[in-house]
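Structure at a glance
Residues per chain are reported as follows:
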Amino acid sequence: EARVVELSTLRDKYAAQVYDVESSKATATAGGYGGAEQEVVCAINEGITVALRLGADCPLVPGSVYVSEMFGVGGWEDAQLEELKKVVLRKRCRGPVEVMECMVEEIQRRSDGEEEG
C-alpha cells in the first residue's frame, strides 16, 4: 500500500512517529485496518517539529494530508512557521513525504535568502 511506503520513508528521513486518530470513523468502516486518519509527527534538522494529519485518501488524493501543528526551536517565530504552513498548504501535496520535502525546500530557500541579504 502506498501509505505504508510513505510512512516508512518518513520514519527513515524524519524520525517520524505515527499515531492513529481514535475519533476517525474510517477505522470502523475499514474493519479496523487502514484507511483511517493518522497523525504523523516529524522532526526537521532545522529545529522544527511538524505534525501532519493524513486523511483516509492519503496519499492518493492531492490535499489529503495537511500540517496540523508546527513547533520551532532556536529562533523560529510563530509568524514564520505560519507562513511555511501556508506555502506548503497552497501546493496541495499528495502525500506526507511530498509535504515534508516541500517544507525542507522552503526552509532552505528562506535560509539561503537570509544569508545573501
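Residues numbered from 1 in each chain as written. Predicted model: local features only at pLDDT ≥ 70, side-chain atom pairs only at ≥ 80, totals over all residues. Heavy atoms only, no water.

A short note on the overall build of the protein
Check the secondary structure of the protein and you find 4 helices and 4 strands. Mapped in sequence order, the helices and strands of the protein form the string α-β-α-β-β-β-α-α. The buried share of the protein, reckoned over its 117 residues, is 35%. Counting contacts in the protein only where the partners sit at least 6 residues apart, residues at least 24 apart contribute 47% of the total. (Helix = DSSP H or I, 4+ residues; strand = E, 2+ residues; numbered from the N terminus. Buried < 20%, exposed > 50% of the residue type's maximum accessible area, 1.4 Å probe, protein only. Contact = heavy atoms within 4.5 Å.)

A look at the sheet that holds strand β3 (residues 48-54)
Taking strand neighbours across the sheet as the criterion, the 4 strands line up as β1-β2-β3-β4 in an open arrangement whose pairing is antiparallel. Both edges of this open sheet fall to β1 (17-20) and β4 (65-72), since each of them pairs with a single strand only. The mean inter-strand angle of the sheet, taken between neighbouring strand axes irrespective of direction, is 20°. In terms of strand pairing, strand β2 (residues 38-44) meets β3 through 7 bridges, oriented antiparallel. Counterpart to Val 41 in the pairing with β3 is Ala 51. (Pairing = 2+ DSSP bridges. Axes fitted to C-alpha atoms, helices over the stretch in contact; angles between N-to-C directions.)

A closer look at helix α3 (residues 78-90)
Compared with the 18 Å implied by 1.5 Å per residue over 13 residues, the 19 Å span of α3 between its first and last C-alpha is a close match. Inspection of α3 places Leu 81, Leu 84, Val 87 and Val 88 among the buried residues, and these make up the whole buried set. For α3, the buried positions fall inside an angular range of 120° around the axis, keeping them on one side. Opposite the buried face of α3, at more than 90 degrees from it, the exposed residues are Asp 78, Ala 79, Leu 89 and Arg 90. (Expected span 1.5 Å × (residues − 1). Arc of directions from axis to C-beta.)

All quantities given are derived from atomic positions and should not be read as evidence of function.
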